[in-house]
Amino acid sequence: MELKKWKLLTLLLPLVAYLLLFAIKNFSKPSVRSCSLLPHDHYWIASKRIVTPQGIISGAVEVNGGLIKSLIKEGDWQGRVHTEQVIDYGEAVIMPGLVDVHAHLDDPGRTEWEGFPSGTRAAAAGGITTLIDMPLNSFPSTVSEETLKLKIEAAEGNIFVDVGFWGGLVPENAFNASALEGLLNAGVLGLKSFMCPSGINDFPMTNSTHIKEGLSVLAKYRRPLLVHAEIEQESEELKNEVDDPRSYSTYLKTRPASWEQAAIRELLTVTKDTRAGGPSEGAHLHIVHLSDSGDSLDLIKEAKRSGDSLTVETCPHYLAFSSEEIPDGDTRFKCSPPIRGAANKEKLWEALMDGYIDMLSSDHSPSVPELKLFDRGDFLRAWGGISSLQFVLPVTWSIGRKHGITLEQIALWWSAKPSKLAGQDLKGAIAIGNHADIVVWQPEMEFELNDDHPIYLKHPSISAYMGSKLFGKVLGTFVRGNLVFAEGKHAPAACGSPILAR
Ligand SMILES: NC(=O)NC(NC(N)=O)C(=O)[O-]
Ligand SMILES: [Zn+2]
Ligand SMILES: [Zn+2]
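Residues numbered from 1 in each chain as written. Chains lettered and ligands numbered in written order. Predicted model: local features only at pLDDT ≥ 70, side-chain atom pairs only at ≥ 80, totals over all residues. Heavy atoms only, no water.

Draft legend 1. Fine view of helix H6 (residues 177-185). Restricting attention to buried positions, one finds in H6 the residues Leu180, Gly182, Leu183 and Leu184. Glycine 187 occupies a position one or two residues after H6 and carries a positive phi of about 120°. (Buried < 20%, exposed > 50% of the residue type's maximum accessible area, 1.4 Å probe, protein only. Helix = DSSP H or I, 4+ residues; strand = E, 2+ residues; numbered from the N terminus.)

Draft legend 2. Region of the structure containing the coordination of the zinc ion (ligand 3). All of the protein donors around the zinc ion (ligand 3) are His102 (NE2), His104 (NE2) and Asp363 (OD); their distances to the metal are 2.0 to 2.2 Å. Viewed at the metal, the 4 donor atoms of the zinc ion (ligand 3) are separated by angles of 85 to 128°, and the geometry they form is irregular. Expressed as a motif, the donor residue spacing for the zinc ion (ligand 3) is H-x1-H-x258-D. The metal-metal distance between the zinc ion (ligand 3) and the zinc ion (ligand 2) is 3.8 Å. With histidine 102 in strand E6 (residues 98-103) and aspartate 363 in the loop between strand E14 (359-360) and helix H13 (392-400), the pair connects residues that are 261 residues apart, well separated along the chain. Comparing histidine 102 with aspartate 363, the two get one shared label, buried. (Donors = N, O, S within 2.8 Å, 3.2 Å for Na, K, Ca; no water. Tetrahedral: all angles 85-135°; square planar, octahedral: opposite > 155°, others 65-115°.)

Draft legend 3. Summary view of the state of the cysteines. Under the criterion given, the structure shown has 1 disulfide. The residue that forms a disulfide with cysteine 35 is cysteine 495, at a sulfur-sulfur distance of 2.0 Å. Taking the sign of the S-S torsion, about -75° here, the bridge from cysteine 35 to cysteine 495 comes out left-handed. Here cysteine 495 lies in the loop between strand E18 (489-490) and strand E19 (498-499) and cysteine 35 lies in helix H2 (residues 32-35), a separation of 460 residues in the sequence. (Disulfide = S-S within 2.5 Å.)

Draft legend 4. Here's a closer look at the environment of tryptophan 397. With respect to the helices, strands and loops of the structure, tryptophan 397 is situated in helix H13. In this structure the C-alpha to C-alpha distance between tryptophan 397 and glycine 472, which are 75 residues apart in sequence, comes to 6.9 Å.

Draft legend 5. Just the site of ligand 1, in detail. Of all residues adjacent to ligand 1, which total 15 residues, the nearest are Asn137, His228, Ser336, Asp363 and Ser365. Here an oxygen atom of ligand 1 and a backbone polar atom of serine 336 are 2.8 Å apart. Between aspartate 363 and ligand 1, the recorded distance is 2.7 Å, taken from a side-chain N or O atom to a nitrogen atom. In the complex, the protein chains occlude 98% of the 320 Å² of accessible area that ligand 1 would expose alone. Of the residues that constitute the shell around ligand 1, the class distribution is 4 nonpolar, 10 polar and 1 charged. (Near = heavy atom within 4 Å. Polar contact = N/O pair within 3.5 Å; in protein donor to acceptor, adjacent residues only side chain to side chain. Areas by Shrake-Rupley, 256 points an atom, 1.4 Å probe, with all protein chains shown as cover. Nonpolar A, V, L, I, M, F, W, Y, C, P; charged D, E, K, R; others polar.)

Scope: geometric values only; no functional claims are made or implied.
See the structure below:
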């Protein structure tokens, strides 16, 4: 009898263990409630200003199960909407969430610089619903299938918005098609390379031969190559007695516009492969963070006219600041390519307004404050990179409104065009069937970026925007229907999804 009991117990033991494991696994998953500040996942958000690809409408967006189910124009409401599930934002703007295709979150490996939790909290607070992480500044760099796995592991459960990944095109993998295919098959949305030293040891620079090879592999996948387009040129010799390293003009001399022009000229010798009928048809080249609005821009225009598959981004800091205003020793403004003069900035605005510059990105590239060398203010030795992730929407709007930009243009530069670059068909527009990735913001509301303002970046002190007065306050951010940020508060759990290409 005793023996039978024991036998039964040993038989039951695995079943009990299995049930226990199942319970732990499921109860530890964040519930809908902790992913969102809303108690339900079927609701309507209403406003007088909803930015859609067909124009601005007054009405409501129906969200159900993370998707946009319908768009209802004001007046067509009766009987179609459960009023208890309507969030009425009044005059605030409802727009597609921003898609930032250029951010360095430095995770894993340099999380003292930024990290997925802090970076994506800042993104959510700034109305960014998707960001694509750069393959460098984390350690190791994302240059192989294995290192992409480390990225995904670091991101899972730690991201408040959706995050995709660019892989690195470096000399080590450029001539190894199967290594590149491994990385692409593992889900990177495209590749990124540098034509000058990146400042990161395990991310060496490529030349146009590497880039040509990369494009031929990318063609099959129809995914883009993003390039940091600067090539080192002989530049003016600095003289100790006149060229003070604390003066911004000294730094500017070391990275003239001719570096961008040389790189772009060289790039265009390979982008012609992307034309219809060319050997790399299907591939696409995207120039990141254009600063020079001189010859670089003319070259880009010409290549586009010739049918090269080419796009270009610039960043809010090139549109907001000019070299003449940068105070001595204020290395918060150091980035590469550098911020140039006021006349250059005005021409960048013109090119953006005319559609020659396709989109905007943050190039959020922080470091620990010590690397900015604030005590010495040495522009030549400080870490280059602007910290801006949380502020890009109000900065674009605050400066842009003086240039007469529209809400639709913001949605085009910050959502539609970047989604297309990253191959995200279900993002970037308020349209039926799309992910409910939405920012609600108040363009007329002014605020000051001071110490009282809740900032979620790991190191607010290194941001050149601190101290600015800006227009355009983010009231709420929805990612796949989850209200992840509202009124200065984040959802309890980080439920953003890693985005992998298939
Ligand atoms: N290693 C970097 O983050 N570099 C970045 N730095 C900048 N932009 O100053 C970049 O995108 O080139
Ligand atoms: Zn760069
Ligand atoms: Zn960058």
